[in-house]
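# Summary of structural features
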Amino acid sequence: MTVDVLTHDEETAEAPASAPASTPEVSTDEATVTESASPASSESPAEPVAEEAPKPKRGRPKGAAASTAKKTRTVELILTVTGTADGEWQAELKNGSKWVAKGLEIPAAAVSRAAKELHADLSGPIDEVINQAREAQAAKVAALEAELEKAKQALAELDA
């Protein structure tokens, strides 16, 4: 920060010829010293002071900054996947209000893979249902194998 102070001798040398030399311009010197010595202003007096930023206009922006939401075409497809406790899965697809496919049988493994591809939050509950169905089917197979063994033994006794 610099302070420019003019002495009385410099004022009279710089004063115009029509002004009397005995009348010093004290108010001008005080103003100069006050502006230059202001601690709040770190800029030189020749630099302009920054103005406040204009307030943003209300409403939606126009032109290139405008939203493209209206220009984007959306398609409503509804895929419904239904499973049973036995592990049978079906899919239905609807486009808007028109059915594209109804009652398509799909394998449980395909449902599990699709759920994993879509999102982890979907695959967890679906895999639980599939695992429960798998356990139920394994129990059913074990019961049928036991019944089959009994039937084989009964047949062997009849042949003997």
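Rules of the game
- Residues numbered from 1 in each chain as written.
- Predicted model: local features only at pLDDT ≥ 70, side-chain atom pairs only at ≥ 80, totals over all residues.
- Heavy atoms only, no water.
- pLDDT = per-residue confidence, 0-100.
- Contact = heavy atoms within 4.5 Å.
- Helix = DSSP H or I, 4+ residues; strand = E, 2+ residues; numbered from the N terminus.
- Expected span 1.5 Å × (residues − 1).
- Buried < 20%, exposed > 50% of the residue type's maximum accessible area, 1.4 Å probe, protein only.
- Pairing = 2+ DSSP bridges.
- Arc of directions from axis to C-beta.
- Axes fitted to C-alpha atoms, helices over the stretch in contact; angles between N-to-C directions.
- Parallel < 35°, antiparallel > 145°, perpendicular 65-115°, else oblique.
- Left-handed = near helix turned anticlockwise from the far one by under 90°.

A separate point is the confidence of the model for the chain. Across the chain, pLDDT averages 75, with 60% of residues at or above 70. For the stretch residues 18-43, pLDDT sits under 50, and the model shows 18 contacts to residues farther than four places along the chain or on other chains.

In a regular helix each residue adds 1.5 Å, so 40 residues correspond to 58 Å; helix 4 (residues 120-159) covers 57 Å between its end C-alpha atoms and thus fits that length. Of all the positions in helix 4, only Ser123, Asp127, Ile130 and Ala133 are classed as buried.

Attention now moves to the environment of Trp89. Mapped onto the elements, Trp89 comes out in strand 2 (residues 89-95). A relative accessible area of 8% places Trp89 in the buried class. Through-space distance from the C-alpha of Trp89 to that of Ile106 is 5.5 Å; in sequence the pair is 17 residues apart. Among residues more than four places away in sequence, those in contact with Trp89 are Val81, Thr82, Gly83, Leu104, Glu105, Ile106, Ala108, Val111, Ile126, Val129 and Ile130.

Turning our eyes to something else, we now look at the pairing of strand 3 (residues 98-106). For strand 2 and strand 3, the ladder comprises 6 bridges, and the chain directions are antiparallel. Along strand 3, the bridge assignment pairs Gln90 with Glu105. Where strand 2 hands over to strand 3, the hairpin turn is made up of 2 residues, of which Gly96 adopts a positive phi near 70 degrees.

Every buried residue of helix 3 (residues 108-118) is accounted for by Val111, Ser112 and Ala115. Here the buried residues of helix 3 occupy an arc of 100 degrees about the axis, which is enough to place them on one side. Of the exposed residues in helix 3, those oriented more than 90 degrees away from the buried face are Arg113 and Glu117. Tucked into the core, helix 3 has its buried residues touching strand 1 (77-83), strand 2, strand 3 and helix 4.

Quick look at the side chain of Ser112 now. Inspection of the secondary structure puts Ser112 in helix 3. With near-sequence residues (within four places) excluded, Ser112 lies in contact with Asp127 and Ile130.

Next up on the list: the sheet that holds strand 1. Strand order in the open sheet formed by 3 strands is 1-2-3, and the pairing between neighbours is antiparallel. The open sheet has two edge strands with one neighbour each: strand 1 and strand 3. Shown here is a sheet whose adjacent strand axes are inclined to one another by a mean of 15 degrees, direction ignored.

For the rest of this paragraph, the subject is the packing of helix 3 against helix 4. Direction vectors running N to C along helix 3 and helix 4 enclose 160 degrees, while the axes themselves pass 8 Å from each other. Regarding the angle of helix 3 to helix 4, the classification is roughly antiparallel. You can see that helix 3 and helix 4 cross each other, and the crossing is left-handed. In this structure, helix 3 uses Ala108, Val111, Ser112, Ala115, Lys116 and Leu118 to contact helix 4, whose residues at the interface are Leu122, Ser123, Ile126, Asp127 and Ile130.

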